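A closer look at the structure
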Amino acid sequence: MHIDIDKDVCIGAGQCALAAPGVFTQDDDGYSTLLPGREDGAGDANVREAARACPVSAITVRDSTG
Ligand code: SF4
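As a starting point, this report considers the structure included with it. Residue positions are counted from 1 within each chain, in the order its sequence is given. It should be noted that, the model being predicted, local features are given only for residues of pLDDT at least 70 and side-chain atom pairs only at 80 or more, the latter also being counted only at that level, while totals for whole chains, interfaces and linings use all residues. Here the side-chain values reflect all heavy atoms present in the structure, with hydrogen atoms and water set aside.

**Concerning the overall build of the chain**
Of the regular secondary structure elements, the chain holds two helices and four strands. As defined in this context, the radius of gyration uses C-alpha atoms, and a globule is described by 2.2 Å times the residue total to the power 0.38. In terms of overall size, the chain behaves like a compact globule, its C-alpha atoms giving a radius of gyration of 11 Å where 66 residues would be expected to give roughly 11 Å. On the principal axes, the C-alpha backbone points of the chain span a range of 35 × 20 × 20 Å. Residue exposure (1.4 Å probe, protein chains only): buried if accessible area is under 20% of the type maximum, exposed if over 50%, otherwise partly exposed. Counting across all 66 residues of the chain, residues that qualify as buried make up 30%. Here the open area of atoms and residues is found with the Shrake-Rupley method and a 1.4 Å probe, where only the protein chains shown may cover a residue. Here the chain has roughly 4000 Å² of accessible surface; of this, 45% comes from carbon and sulfur atoms. Here Asp and Glu are counted as negative and Lys and Arg as positive; His is not counted, and neither are the chain ends. All charge positions are set by atom: Lys at NZ, Arg at CZ, Asp at CG, Glu at CD. Considering the chain, the positive charge centre built from 5 side chains and the negative charge centre built from 11 side chains are found 7 Å apart. To qualify as a helix, a DSSP run of H or I must reach at least 4 residues; to qualify as a strand, a run of E must reach at least 2; elements of each kind are numbered from the N terminus.

What follows is the structure in structure tokens.
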């Protein structure tokens, strides 16, 4: 799994960090960022929920293809 956060789109709503606190956090400016070592989602099923929860669709989740 590969997670992209479009920081130009992110408005810092924090829904991603609420939905998947094991993967997303917020940086000093309040924008979404990935926790160190969790760039691949770490198998966390909440990642897709976080992407859905984002009000501006800033999160893109892609399945890795082998
Ligand atoms: S839910 Fe979307 S807008 Fe809110 S912090 Fe996360 S990526 Fe940014």
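Alright, that's what it looks like, and here's the rest.
**A short note on the pattern of salt bridges**
A pair is scored as a salt bridge if a Lys or Arg side-chain nitrogen falls within 4 Å of a carboxyl oxygen belonging to Asp or Glu. Applying the stated criterion to the full structure yields three salt bridges. Between aspartate 4 and arginine 62 there is a salt bridge whose closest N-O contact spans 3.7 Å. Of the two residues, aspartate 4 is situated in strand S1 (residues 2-5) and arginine 62 in strand S4 (residues 59-62); the sequence distance between them amounts to 58 residues. For aspartate 4, a relative accessible area of 33% gives the class partly exposed. Exposure remark for arginine 62: the relative accessible area of 45% places this residue in the partly exposed category. Residue aspartate 63 is joined to arginine 48 by a salt bridge in which the shortest nitrogen-to-oxygen separation is 2.6 Å.

**A few points about unusual backbone geometry**
With a phi close to 55°, alanine 42 is a non-glycine residue in the positive phi region. You can see alanine 42 is positioned in the loop between strand S3 (32-34) and helix H2 (46-53).

**As for the side chain of aspartate 44**
As for its placement among the helices and strands, aspartate 44 is situated in the loop between S3 and H2. We call two residues in contact when some of their heavy atoms are within 4.5 Å. Look past the residues within four positions of aspartate 44 in its chain and what remains in contact with it is Gly22 and Val23.

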